[in-house]
Amino acid sequence: MQHVTGALKELGATICAITPQPSDASRPLIEKHKISFDVLSDRGNEYAAKLGLRFKLPDDLKQVYLSFGNDLAIRNGEDSWTLPMPARFVIDASGIVRSVDVDPDYRYRPEPEKTVEDVKALK
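Residues numbered from 1 in each chain as written. Predicted model: local features only at pLDDT ≥ 70, side-chain atom pairs only at ≥ 80, totals over all residues. Heavy atoms only, no water.

(A) Examining the overall build of the chain more closely. Check the secondary structure of the chain and you find six helices and six strands. When the elements of the chain are put in sequence order from the N terminus, they spell out α-β-α-β-α-β-α-α-β-β-β-α. Reported as C-alpha extents along the three principal axes, the dimensions of the chain are approximately 45 × 30 × 25 Å. Total accessible area on the chain stands at roughly 8500 Å², and carbon and sulfur atoms take up 54% of it. Taking the average location of the 17 positive side-chain charges in the chain and that of its 19 negative ones, the two points are 3 Å from each other. (Helix = DSSP H or I, 4+ residues; strand = E, 2+ residues; numbered from the N terminus. Areas by Shrake-Rupley, 256 points an atom, 1.4 Å probe, with all protein chains shown as cover. Lys, Arg positive; Asp, Glu negative; His and termini not counted. Charge placed at Lys NZ, Arg CZ, Asp CG, Glu CD.)

(B) Looking closely at a nonpolar patch on the surface. A surface patch of nonpolar side chains, amounting to about 760 Å² of accessible area, comprises I18, L40, Y47, L51, F89, I91, V97, V100 and V102. Mapped onto the nonpolar patch, the elements with two or more residues apiece are β5 (87–91) and β6 (97–102). Ranked by residues supplied to the nonpolar patch, first place goes to β6 with three residues. Looking at where L40 falls in the secondary structure, it is placed in strand β2 (residues 38–41). On the basis of relative accessibility, which here comes to 43%, the residue L40 falls in the partly exposed class. (Patch = residues over 30% accessible without salt bridge, like charges linked within 9 Å, V, L, I, M, F, W, Y side chains within 5 Å. Salt bridge = Lys/Arg side-chain N within 4 Å of Asp/Glu carboxyl O. Buried < 20%, exposed > 50% of the residue type's maximum accessible area, 1.4 Å probe, protein only.)

(C) Spatial organisation of helix α6 (residues 112–120). For α6, the full list of buried residues reads P112, T115, V116, D118 and V119. Down the axis of α6, the sector holding all buried residues measures 165°, keeping them to one side. In this fold, the buried residues of α6 make contact with α1 (5–10), β5 and β6. (Arc of directions from axis to C-beta. Contact = heavy atoms within 4.5 Å.)

(D) Just the side chain of T19, in detail. Locating T19 in the fold gives a position in strand β1 (residues 16–19). For T19, a relative accessible area of 16% translates into the label buried. Here the side chain of T19 touches Q21 through a polar contact of 3.2 Å, landing on its backbone nitrogen. Excluding residues that lie within four positions of it along the chain, T19 makes contacts with S26, V39, L40, S41 and D42. (Polar contact = N/O pair within 3.5 Å; in protein donor to acceptor, adjacent residues only side chain to side chain.)

(E) Layout of the layout of surface pockets. A volume near 160 Å³ is recorded for the second largest pocket. Around the second largest pocket sit T5, G6, L8, K9, A13, T14, I15, S36 and F37, which together line it. Across the lining of the second largest pocket, the residue classes tally to four nonpolar, four polar and one charged. (1 Å grid on protein atoms, 1.4 Å probe; cavity = no way out; pocket = protein on both sides within 12 Å on 5 of 7 lines; lining within 4 Å. Points joined across faces, edges and corners; volume = space filled by probe spheres on them. Nonpolar A, V, L, I, M, F, W, Y, C, P; charged D, E, K, R; others polar.)

(F) How the structure looks around the nonpolar core. Within the largest apolar cluster, eight residues are counted, these being V4, L8, L11, I15, F37, V90, V116 and V119. Setting aside residues no more than four positions away along its own chain, V4 makes contact with P112, E113 and V116. (Core = buried A, V, L, I, M, F, W, Y, C linked by side-chain atoms within 4.5 Å.)

(G) Focus on the confidence of the model for the chain. Chain-level pLDDT for the chain is 94 on average; 100% of the residues reach the 70-or-more range. Here helix α2 (residues 23–32) is the element of the chain with the lowest mean pLDDT, 93, and helix α3 (residues 46–50) is the one with the highest, 97. (pLDDT = per-residue confidence, 0-100.)

(H) Spotlight on unusual backbone geometry. Of note in this structure, K34 is not a glycine but carries a positive phi near 50°. Tracing the backbone shows K34 in the loop between α2 and β2. Of note in the backbone geometry, W81 takes a positive phi value of approximately 50° without being a glycine. Residue position: W81 is located in the loop between α5 (72–75) and β4 (82–84).

Below, the structure is given as structure tokens:
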């Protein structure tokens, strides 16, 4: 998303990312990729749950994650072993959701350019 922030700013839009990671865990990634938009922390994926986008990893998948050194309890700062489905919302100035892209398969995410097109469609 970082590479379309300029185009979105020209359209009067802002970007906000939400992650289950605490802010101190996100900071290195933000600095490494020079992310210029807000990255908010959703502890325990509580907001994702309210949106119906949170899922709990089954024990067998939890073991796979651990075998790769990916301990979500440490990474996310809490032990729910939940993840949010990747989602993207375009919300107009009145707070109305105008476009949603979500897929339970984390490999399928909308291209950042689609976000730009969806914002242009609001004009």
